[in-house]
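Observations on chain architecture
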Amino acid sequence: MAGTALAPGKVRVKKTSAMRGHRSRLALVNAVPVTVFLLVLFVYPIIGVLSLSLKGDSGGFTLHWYADALSGVNLSVLFSTLRISAETAVLSLLVGFVLAHAIARMRPVFAALAMLIVVVPHFISALVRTYGWIIMLGEHGLINSLATSVHAPGAPYSLLYNETGVVIGTTSVMLPYTVLVLQGVMRGVDGRLLAAAAGFGASRLTIFRRIYLPLVAPGIGTAGLLSFILCLGYYITPALMGGDKQTVVAALIDQQVMKQDQWNSAAAFGVILLLLTFAGLGVLGLAKLRRTKAHARRSSS
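Just so we're clear, the structure is a prediction, and the values are computed from it rather than from any experiment.

Reading the values: the criteria
Residues numbered from 1 in each chain as written. Predicted model: local features only at pLDDT ≥ 70, side-chain atom pairs only at ≥ 80, totals over all residues. Heavy atoms only, no water. Helix = DSSP H or I, 4+ residues; strand = E, 2+ residues; numbered from the N terminus. Core = buried A, V, L, I, M, F, W, Y, C linked by side-chain atoms within 4.5 Å. Buried < 20%, exposed > 50% of the residue type's maximum accessible area, 1.4 Å probe, protein only. Expected span 1.5 Å × (residues − 1). Patch = residues over 30% accessible without salt bridge, like charges linked within 9 Å, V, L, I, M, F, W, Y side chains within 5 Å. Areas by Shrake-Rupley, 256 points an atom, 1.4 Å probe, with all protein chains shown as cover. Salt bridge = Lys/Arg side-chain N within 4 Å of Asp/Glu carboxyl O. Lys, Arg positive; Asp, Glu negative; His and termini not counted. Charge placed at Lys NZ, Arg CZ, Asp CG, Glu CD. pLDDT = per-residue confidence, 0-100. Axes fitted to C-alpha atoms, helices over the stretch in contact; angles between N-to-C directions. Parallel < 35°, antiparallel > 145°, perpendicular 65-115°, else oblique. Contact = heavy atoms within 4.5 Å. Nonpolar A, V, L, I, M, F, W, Y, C, P; charged D, E, K, R; others polar. Phe/Tyr/Trp six-rings, centres within 6.5 Å; stacked < 30°, edge-to-face > 60°.

1. Some points on the environment of Tyr131
- Following the sequence through the fold, Tyr131 ends up in helix H5 (residues 126–137).
- Residues Tyr131 and Ile229, spaced 98 residues apart in sequence, show a C-alpha to C-alpha distance of 23 Å.

Okay, here's the thing in structure tokens:
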């Protein structure tokens, strides 16, 4: 009997293996509700939209709806949406970078107060904020009234129901996301690096261009892409501030579903927006992978 006894090391190995197997089974059990949730509320609707976009009037397979979405007026609306999203992302980055940089340099108490001022308006209804911008940007609104009172050249300006108004409105919506992302990245920059560069005689412009900007570049890319993706499918602000002359894809989908009963064409537009979103995420992932490989090469050399 003594000869068949297991050594203490083997007993520990068996216990460890049994615990790992139990944890794996428990993890699988816990993952089932999440998996079912994603399948029912995410995967199944996407498959339904995809099949609807590929179904012809007779019920057969067709690419007609995609060809229609990528031609004529529909194509111009898609390009207009991409342009507005890009302009919104750039403007959000410019304004958000300045705000986030200023907040990151504040003391914690003042930084928290500044972030509160930036974020709290985001919790107000988008409809209310949009009508607020309509009142401010109107022909007799606050901005045009001030411009007219100081006899600014060209006043009053046309700031509503065009691309300018849409970009202003969408930028105000995307700005809190941009500031949140950039401020978090800027807080993580080690100030000792900047101080060391200044100690070696580097100018502020050189420090910003060679040290600070590369360190916050991942946050800039993430914030810009986030604003671009969110703006692609945004509906309320472009619909109200753009009017009939400045249609975006989201408004076009609403017209096709609610007024024209063209569910197939609307589904095709939805799939195109989804593919554009995946493409943006793929670009961000490739950029992150390249940065990781470059960092690994620098570390090994």
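Continuing now.
2. What to know about the nonpolar core
- Within the largest apolar cluster, 17 residues are counted, with the highest numbers of intra-cluster contacts made by Phe97, Ile103, Val179, Leu182, Met186, Tyr212 and Val216.
- When residues of this core are traced back to their parent elements, those giving at least two are helix H3 (72–104), helix H4 (108–119), helix H7 (163–187) and helix H9 (204–232).
- Counting residues per element, this core draws most heavily on H4, which supplies five residues.
- With 16 residues, the next largest nonpolar core counts Ile253, Val257, Ala268 and Leu273 among its residues.

3. Some details on helix H12 (residues 263–300)
- With 38 residues, H12 should cover 56 Å at 1.5 Å per step; its first-to-last C-alpha distance of 55 Å lies within 8% of that length.
- Among the residues of H12, those classed as buried are Asn264, Ser265, Ala266, Ala267, Ala268, Phe269, Val271, Ile272, Leu273, Thr277, Gly280 and Ala294.

4. Let's talk about a positive patch on the surface
- A surface patch of positive charge is lined by Arg290, Lys293, Arg297 and Arg298.
- Arg290 gets classed as exposed once you look at its relative accessible area, which sits at 65%.

5. What to know about the confidence of the model for the protein
- Residues of the protein with pLDDT of at least 70 account for 92%, and the chain-wide mean is 85.
- Within the protein, the element-level pLDDT minimum falls on helix H1 (residues 8–53), averaging 74, and the maximum on H3, averaging 93.

6. Considerations on the packing of H5 against helix H6 (residues 142–149)
- Taken N-terminus to C-terminus, the directions of H5 and H6 make an angle of 20 degrees; their axes are 4 Å apart at the nearest point. Here H5 is positioned roughly parallel relative to H6, judged by the angle of their axes. Here H5 contributes Ile135, Met136 and Leu137 to the contact with H6, which in turn contributes Leu142, Ile143 and Asn144.
- Taken together, the residues of the contact of H5 with H6 break down into five nonpolar, one polar and no charged.

7. Observations concerning the packing of aromatic side chains
- Under the defined criterion, the tally for this structure stands at two aromatic pairs.
- Each ring, one from Phe97 and one from Phe208, has its centre 6.0 Å from the other, and the planes form 90 degrees; the classification is edge-to-face. With Phe97 in helix H3 and Phe208 in helix H9, the pair connects residues that are 111 residues apart, well separated along the chain.
- Judged by its relative accessible area of 14%, Phe97 falls in the buried class.
- Among the aromatic residues, ring-to-ring pairing joins Phe97, Phe208 and Tyr212 into one connected group.

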